[in-house]
Amino acid sequence: MCLYLNIYRTEYQKFSTARQPWVQIQEMEKMLAVILILVSASGILTQTDMSGKVFFIPKESATSYVRLIPMRNGPFASLTVCLKSYTALKRPYSLFSLATPNKDNDFLLFQDNNNRFSVSIGNQDVFLNIPSTAVVRSICASWDSLTGDMVVWVNGNPYPRNIFMKGYKVNANPIIIIGQEQDSYGGKFEAAQSLVGEISDVHMWDRVLTSQELMDVLYNRGMVGNVINWQKLNYQTKGEVIILPQVCKINYNPDYCNYIPT
């Protein structure tokens, strides 16, 4: 919005020295109308601390989503993405969609059906037996290009690791969407793949987190992303997306390594 207002001021100065008063008024009214249309069409770019808040998408559509603006542009030879979601959906839906100019699923977290979850890297898929459930879930996925090591953690517990896309790099210039799955760079959404429900605590790093760091993410102990940071989130909302407070804090009980939170 500030960018548009600066353009408005600059153009006003030009008109004020070159036009008669009645011409100035007509021209500036037209310009202001165009600026308002641009702001409405593009959405407002916002930075805010989203701690204790969720994005809530109340109904199925192909037009409601949140675009997250990354702090680093890539390419990414390793990464970790963490988020929390809450939905009663029984159909496929997207949780985190990262597209690049040549790869629409350069990194994708997707609940494929009631009992199958997929991670896509470079348009290639790995499927895991992770049931959909109508409770709040913490999901983290890490991947390292050097070894191909990929691990998905659900509520602090890791699923069996995979060796996947060894030597690949997730490309630069990502568009990151939550709430929809990109079938083209920044678009081509399908309502039947949209998220209906809540999503929060989205963080992304350009490295693989340690097990202890993942526990710190799970329990909100100050571990924030350097690509996407929920506490300094740059984003744009489109369609019907509501920001709401979290209903309550969730107590997770990871079984892995008999972990006891401190």
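It should be noted that the structure appears before, not after, this text.
First things first, this report covers the structure right here in the doc. Since the model is a prediction, treat every value here as computed from it, not as a measurement.

We now examine the overall build of the protein. Scanning the protein for helices and strands turns up 3 helices and 16 strands. Residues counted as buried form 46% of the 262 residues belonging to the protein. Summarising the internal contacts of the protein: among those between residues at least 6 apart in sequence, 69% fall at separations of at least 24. Total accessible area on the protein stands at roughly 13,000 Å², and carbon and sulfur atoms take up 54% of it.

Turning our eyes to something else, we now look at the packing of aromatic side chains. The final tally for this structure, using the stated rule, is 4 aromatic pairs. The interplanar angle of 70 degrees and the centroid separation of 5.2 Å between the aromatic rings of Phe-55 and Tyr-235 together place this pair among those described as edge-to-face. One end of the pair, Phe-55, is in strand β2 (residues 53-57); the other, Tyr-235, is in strand β15 (residues 233-238), and 180 residues separate them in sequence. We classify Tyr-235 as buried; its relative accessible area is 7%. Seen from their ring centres, Phe-96 and Phe-107 are 6.2 Å apart, and the 75 degrees between their planes marks the pair as edge-to-face. Of this pair, Phe-96 sits in strand β5 (residues 93-100) while Phe-107 is found in strand β6 (residues 103-113), placing the two residues 11 residues apart along the sequence.

On to empty space enclosed by the protein, then. It is the rolling of a water-molecule-sized probe over the atoms that shows where space remains empty. For the structure on display, the rule yields 1 cavity of 30 Å³ or more. Here the largest cavity defines a volume of roughly 30 Å³. In terms of lining, the largest cavity is formed by Ser-138, Cys-140, Trp-153, Gly-156, Leu-214, Met-215 and Leu-218. Elements represented by at least two residues in the lining of the largest cavity include exactly β9 (137-144) and α3 (211-218). In terms of residues, the lining of the largest cavity owes the most to one element, α3, which gives 3 residues. Residues that form the lining of the largest cavity fall into these classes: 5 nonpolar, 2 polar and no charged.

This structure, assessed with the given rule, holds 1 disulfide. In this model Cys-82 forms its disulfide with Cys-140; the gap between the sulfur atoms is 2.1 Å. Between Cys-82 and Cys-140 the disulfide shows an S-S torsion of about 115 degrees. By sign, it is right-handed. Of this pair, Cys-82 sits in strand β4 (residues 78-86) while Cys-140 is found in strand β9, placing the two residues 58 residues apart along the sequence. Neither Cys-82 nor Cys-140 differs from the other in exposure class; each is buried.

This part is about the pattern of salt bridges. Note that side chains of opposite charge can pair when their charged atoms are close. For the coordinates displayed, the defined rule picks out 7 salt bridges. The salt bridge partner of Asp-206 is Arg-72, with a shortest N-O separation of 2.9 Å. Here the residue Asp-206 occupies a position in the loop between β14 (197-205) and α3, and Arg-72 occupies one in the loop between β3 (65-68) and β4, the gap between them amounting to 134 residues. For Asp-206, a relative accessible area of 24% translates into the label partly exposed. Overall, the relative accessible area of 41% leaves Arg-72 in the partly exposed class. Residue Asp-112 pairs with Arg-116 through a salt bridge whose shortest N-O separation is 2.7 Å. Residue Asp-112 is classed as buried on the basis of its relative accessible area of 18%. The class for Arg-116 is partly exposed, based on a relative accessible area of 33%.

Each value, and the rule that gives it
Residues numbered from 1 in each chain as written. Predicted model: local features only at pLDDT ≥ 70, side-chain atom pairs only at ≥ 80, totals over all residues. Heavy atoms only, no water. Helix = DSSP H or I, 4+ residues; strand = E, 2+ residues; numbered from the N terminus. Buried < 20%, exposed > 50% of the residue type's maximum accessible area, 1.4 Å probe, protein only. Contact = heavy atoms within 4.5 Å. Areas by Shrake-Rupley, 256 points an atom, 1.4 Å probe, with all protein chains shown as cover. Phe/Tyr/Trp six-rings, centres within 6.5 Å; stacked < 30°, edge-to-face > 60°. 1 Å grid on protein atoms, 1.4 Å probe; cavity = no way out; pocket = protein on both sides within 12 Å on 5 of 7 lines; lining within 4 Å. Points joined across faces, edges and corners; volume = space filled by probe spheres on them. Nonpolar A, V, L, I, M, F, W, Y, C, P; charged D, E, K, R; others polar. Disulfide = S-S within 2.5 Å. Salt bridge = Lys/Arg side-chain N within 4 Å of Asp/Glu carboxyl O.

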